[in-house]
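Observations on the three-dimensional arrangement
Each chain, written out:
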Amino acid sequence: MKSRCPVSPRFTSHALLLCAGLVLSACPATSGDTGDGAPVPDGGARPDGGSCGAKKAPNSPNSSDPPQCSVTLRTVLPAKAAAVYVAGEWNQFSKTAQPLTGPDPNGAYQATLKLPPGTYGYKIIADDNWTLDPSNGYRRYVKGTENSGLRVPDCRLPAVRVAKDGLRSARPGPGQGNFSVTVDIALGQAGGALCGVTGTLRRPEDHAGAGYSPKTLSAAELKVAQDGKTAEVILTGLPDGKYTLSLQPNSGDGTGEPLLLPFWIEQRPFHITDTPLYMAVTDRFRDGDPTNNPAPIPGVFPATDYKGGDLLGVQKAIKDGYFDGMGIKALWITPWQTQPAEGYIDATGMYHVSGYHGYWPTRAREVDPRLGGAEALHNLIEEAHRHGIRVVMDAVLNHVHEKHEYFTDAKRRDWFRTGCICGTDNCDWTTHRLDCLFASYLPDINWTVADASEQFISDILWWVETFDLDGLRIDAVKHVEDLATFNLAARVRERFENGGTQVYMVGETAMGWSDTSIAGNADNYDTIKRYMGPLGLSGQFDFVLYHAVPYRSFARDEAANRRFLHVDYWTHASLDQFAGSDMGRYIGGHDTTRFITTATYRGQSDTWAQSLADRKWAPDVPMAPPDQEPYDRLWLGMLNLLTLPGVPLLYYGDEYGEYGGGDPDNRHMMRFAGLSDRESAQQKRMTTLLSARAKLLGISRGDMKTTTLLQEDLYAYARPGQDPKESALVVLNRLPTPQEALVPVPAEVGWPTGARVVDYLTGTEYSVAAGTVMATVPARGGLLLGMK
């Protein structure tokens with residue numbers, strides 16, 4: 001996918017690539033006519049009086065020599081420097097060949113360069129210190145050395161970008177959505193005439209996989225200014241749902257890259273923290289189409305073979321309202337790329353396993369037929385969007401399977417490494433994190449190879465655009481070169497965030513537990529933070545908090561860690577360390593022992609963690625909880641998780657208390673029927689909690705303020721909203737008996753004396769008196785208070 005000249009508004013502080021002009025070429029063949037000899041494409045608009053001249057093939061400049069395109073490189077340094085230079089591939093990394101002027105009043109240094117289209121590695125030299133450009137996340141390896149990457153688009157082609165303050169949207173009522181945008185139009189160096197701007201709109205009812213075409217914008221909806229420098233789109237009367245507006249300029253120089261503007265029309269503007277992120281292992285969730293179920297794979301251990309779950313099954317659950325009932329608006333499903341047909345030996349060397357989980361891709365752009373193929377994925381995402389649900393793709397960037405089409409291509413073998421196996425002798429997971437293989441049959445992607453890097457990023461962009469995806473979960477972040485994360489984040493934002501809608505990108509940087517101090521976990525915090533921020537990911541999964549709190553404080557009841565003082569300490573440490581990022585917080589997932597099983601086997605010896613993780617092969621697998629206490633411990637853990645700042649992860653089945661040991665025993669088939677009485681009761685109160693979370697905006701967007709901390713027994717914290725009716729007060733009780741509590745109500749909550757508040761979990765009402773609420777807190781449970 002080619003680079004575009006315009007840069008996303010989100011990247012105004014980054015290294016900007018500014019088109020200076022284009023070389024005159026030809027206008028593409030078109031089907032309309034304005035009457036003056038200058039054609040207009042279908043769905044296009046053009047200023048009056050212009051002419052494109054002779055028609056030639058699109059995107060074919062009339063000179064075979066590469067153009068010299070003017071680009072401005074701009075950077076903001078952390079400290080003022082007396083002398084600043086840029087050294088890059090274009091000047092053989094000369095230390096003093098290209099000075100930068102500055103700083104300007106904003107602290108920026110800049111230089112204007114003339115370069116042929118392409119990508120160039122460079123470094124900033126500030127007072128003799130060589131460094132990556134702190135204002136540009138894009139990277140490029142040159143002879144094995146990491147550099148910042150300067151991307152120069154083809155300046156012969158026209159381009160459009162969103163004008164400053166050019167986006168406007170409103171939704172006064174159902175079916176009354178409005179969206180408008182003003183774009184700036186850049187032409188070529190030779191000032192080629194503008195033919196027009198083509199516009200289409202993908203609507204909620206459109207389905208590319210079924211052959212439906214996006215709506216062509218009318219002349220009333222898309223208008224180009226008389227001077228040809230701007231265009232405006234005005235859309236009205238839009239029903240709720242997701243849309244993608246596409247604008248493509250055509251000039252005497254050729255056809256420019258389309259500008260994509262994905263946007264939502266919905267009752268309340270959405271932020272990812274408004275919802276839990278629900279994770280489903282597709283093959284283990286629901287069998288929607290038994291006709292695509294594969295036969296058992298010879299030699300594969302039954303627990304690791306395909307069970308029949310598919311994309312249609314997930315779609316049916318969405319259509320049935322299963323996620324609506326819990327207020328779920330974001331869905332992460334495991335990778336859907338085609339997997340190998342055979343089984344392969346697992347890490348123990350004892351069992352053959354299949355690729356039912358999706359993490360062994362053999363095709364770059366193909367949906368596994370066992371999951372229903374491309375049509376099923378299109379249908380699932382359409383159904384999700386009809387329910388206001390965002391769909392997050394699981395992106396595997398560390399490896400492919402040895403049968404992957406790229407690895408089997410001899411011309412691409414240098415894209416991969418086939419060295420030592422992670423965790424074996426002289427192949428430590430940390431020391432060799434970038435080059436070790438997860439398994440002998442999983443070649444490691446070498447992101448230092450420019451062609452490999454660009455291709456794998458192009459593939460992800462193709463998935464997002466083709467299937468209208470809303471987010472990415474990046475697998476094994478610390479096991480790939482930094483540029484994999486930063487380059488992907490830059491390209492995704494540049495391509496898909498121009499309409500004002502965020503693409504949520506969350507990473508997995510797995511790690512264990514260091515010790516019981518913040519200082520002892522400094523490296524863990526720093527590693528996780530390394531990949532986040534304006535130039536990187538939106539957030540990551542909070543492994544430090546996971547290892548500090550959920551299973552230690554709520555499941556195992558460890559004497560040293562069960563106190564709420566411990567919970568509060570690590571919670572605020574996490575909030576401080578990861579401020580400004582949308583962190584994924586969790587108490588269990590597809591790589592961990594089920595929380596309720598950890599609670600069931602609490603009080604075991606110090607080797608309990610390893611023994612439970614190893615109890616995953618039949619017949620030696622954990623059983624369902626024998627009594628109520630594990631469910632109550634899960635409930636208390638969920639009360640905490642779902643009322644913390646960030647994006648809580650809900651692993652499929654945890655809503656009713658699915659049990660299981662390590663992988664693969666933690667991936668049982670989802671049960672929609674046949675639940676025990678305890679499981680049904682658990683699901684009912686979880687649904688109540690999730691519904692309440694969706695209503696109280698303070699929980700999803702407010703700060704967190706601790707109000708009561710009685711060491712081991714009671715814990716209360718407030719989640720203030722912008723309006724007092726959005727605020728929430730959470731009170732937790734870890735004791736096996738109900739407790740009377742006088743809970744302070746902080747001023748930030750905004751509840752006056754005499755205000756009536758209600759527990760959203762039980763419906764019990766209380767009154768605010770002198771800045772406090774006197775309430776009864778249920779045993780191993782809690783209250784979720786909000787204004788009535």
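Above: the structure in question.
Every chain is numbered on its own, with residues counted from 1 as its sequence reads. Only residues with pLDDT of at least 70 are given local features in this predicted model, and only at 80 or more are side-chain atom pairs given and counted; all residues enter the totals for whole chains, interfaces and linings. For side-chain calculations, the full set of non-hydrogen atoms in the structure is used, while hydrogens and water are omitted.

Observations regarding the overall build of the chain
We count a stretch as a helix when DSSP gives it H or I for four or more residues in a row; a strand needs E for two or more, and each element gets its number in order from the N terminus. The number of helices and strands found in the chain is 13 helices and 37 strands. Our radius of gyration is a C-alpha quantity, and the globule rule it is checked against amounts to 2.2 Å times the number of residues to the power 0.38. Over its C-alpha trace the chain gives a radius of gyration of 28 Å, about what one expects of a compact globule, namely 28 Å for 788 residues. C-alpha extents for the chain along the principal axes are approximately 85 × 65 × 65 Å. Burial here depends on accessible area, computed with a 1.4 Å probe over protein chains only, as a share of the maximum for the residue type. Under 20% is buried, over 50% is exposed, and the range in between is partly exposed. Sorting the 788 residues of the chain into buried and exposed places 59% on the buried side. Accessibility throughout is a Shrake-Rupley quantity obtained with a 1.4 Å probe, and a residue counts as covered only by protein chains that appear here. Accessible surface, the chain as shown: approximately 29900 Å² in total, 51% of it carbon and sulfur.

Brief notes about unusual backbone geometry
Note: most residues except glycine have negative phi, and most peptide bonds are trans. A cis amide bond links Ala618 to the next residue, Pro619, at an omega of 5 degrees. With respect to the helices, strands and loops of the structure, Pro619 is situated in the loop between α10 (608-614) and α11 (629-641). A cis amide bond links Asp663 with the next residue in sequence, Pro664, at an omega value of 15 degrees. Of note, Pro664 is situated in the loop between β29 (647-651) and α12 (677-695).

Thoughts on the sheet that holds strand β9 (residues 159-170)
Following DSSP output, two strands are said to pair if at least two bridges run between them. The sheet built from four strands is open, its strands ordered β9-β10-β14-β13 with antiparallel pairing. Among the strands making up the open sheet, the edge pair consists of β9 and β13 (222-224). Neighbouring strand axes in the sheet, compared pairwise and without regard to direction, differ in orientation by 15 degrees on average. Inspection of the sheet shows β9 paired to strand β10 (residues 177-186) by eight bridges, in the antiparallel sense. Its bridge partner being in β10, Arg161 is matched across the sheet by Asp184. Lines fitted to the C-alpha atoms define the axes, with helices restricted to the stretch that makes contact. Angles between their N-to-C directions range from 0 to 180 degrees.

Observations regarding the side chain of Arg202
Counting through the fold element by element, Arg202 comes out in strand β11 (residues 194-202). In protein, a polar contact requires one atom able to donate a hydrogen and another able to accept it; more generally it is a pair of N or O atoms within 3.5 Å, and residues adjacent in sequence count only if both atoms are side-chain atoms. Reaching out from Arg202, the side chain makes a polar contact with the side chain of Asp468 at a distance of 3.3 Å. Residue contacts are defined here by distance: any two heavy atoms, one from each residue, within 4.5 Å place the two residues in contact. Contact partners of Arg202, with chain neighbours within four places excluded, come to Pro214, Lys242, Tyr243, Thr244, Glu465, Thr466 and Asp468.

Observations concerning the sheet that holds strand β26 (residues 504-507)
Spatially, the eight strands line up as an open sheet ordered β27-β26-β25-β22-β19-β18-β29-β28, and their pairing is parallel. Edge strands, defined here as strands with exactly one partner in the open sheet, are β27 (539-540) and β28 (584-585). Direction of pairing for β26 relative to β27: parallel, over a ladder of two bridges. By the bridge assignment, Val506 is partnered in β27 with Gly539.

Let's talk about the pairing of strand β5 (residues 118-126)
Of all nine residues that make up β5, seven are buried, and the element is covered over most of its length. Linking β5 back to strand β6 (residues 129-131) in an antiparallel pair, the connection comprises two residues, with Asp127 at a positive phi of about 50 degrees.

Concerning α11
A helix is expected to span 1.5 Å for every residue after the first. Taking 1.5 Å per residue, 13 residues should reach 18 Å; α11 reaches 18 Å between its end C-alpha atoms and fits that length. With 13 of its 13 residues buried, α11 lies for the most part within the structure.

Things to note about the state of the cysteines
Such a bond, covalent and formed between the sulfur atoms of two cysteines, is termed a disulfide. By convention in this document, the label disulfide applies to cysteine sulfur atom pairs within 2.5 Å. Counted according to the given criterion, the structure contains three disulfides. Here Cys69 pairs with Cys155 through a disulfide, and the sulfurs are 2.0 Å apart. Residues Cys69 and Cys155 share a disulfide whose torsion about the S-S bond is about -80 degrees; that sign makes it left-handed. With Cys69 in strand β2 (residues 69-76) and Cys155 in the loop between β8 (145-152) and β9, the pair connects residues that are 86 residues apart, well separated along the chain.

Regarding the pattern of salt bridges
Criterion for a salt bridge: a side-chain nitrogen of Lys or Arg within 4 Å of a carboxyl oxygen of Asp or Glu. Using the criterion set out here, one finds 52 salt bridges in the structure. Between Arg685 and Asp632 there is a salt bridge; the shortest N-O distance is 2.9 Å. Of this pair, Arg685 sits in helix α12 while Asp632 sits in helix α11, and the two are 53 residues apart along the sequence. Arg685 gets classed as partly exposed once you look at its relative accessible area, which sits at 22%. Of the residues examined, Asp632 reaches a relative accessible area of 16% and is grouped as buried. As a salt-bridge pair, Lys788 and Glu765 come within 2.5 Å of each other at their nearest N and O atoms. Taken as a pair, Lys788 in the segment after β37 (781-787) and Glu765 in strand β35 (residues 765-767) lie far apart in primary sequence, 23 residues in all.

Looking at the packing of aromatic side chains
Pairing of aromatic rings covers Phe, Tyr and Trp, the last through its six-membered ring, and needs centres within 6.5 Å; plane angles under 30 degrees mean stacked, over 60 mean edge-to-face, and all others mean tilted. By the definition in use, this model includes 40 aromatic pairs. Ring geometry for Tyr322 versus Phe323: centroids 5.5 Å apart, planes at 80 degrees, classification edge-to-face. Summarising the burial analysis for this pair, Tyr322 and Phe323 share the class buried. Centroid distance Tyr715 to Tyr717: 5.1 Å. Interplanar angle 55 degrees. Geometry classified as tilted. Each of the two residues, Tyr715 as well as Tyr717, counts as buried. Over the face of the ring belonging to Tyr138 we find Arg151, whose NZ or CZ atom lies 5.0 Å from the ring centre. The rule for a charge over a ring is simple: NZ of Lys or CZ of Arg within 6 Å of the ring centre, and within 35 degrees of the ring normal.

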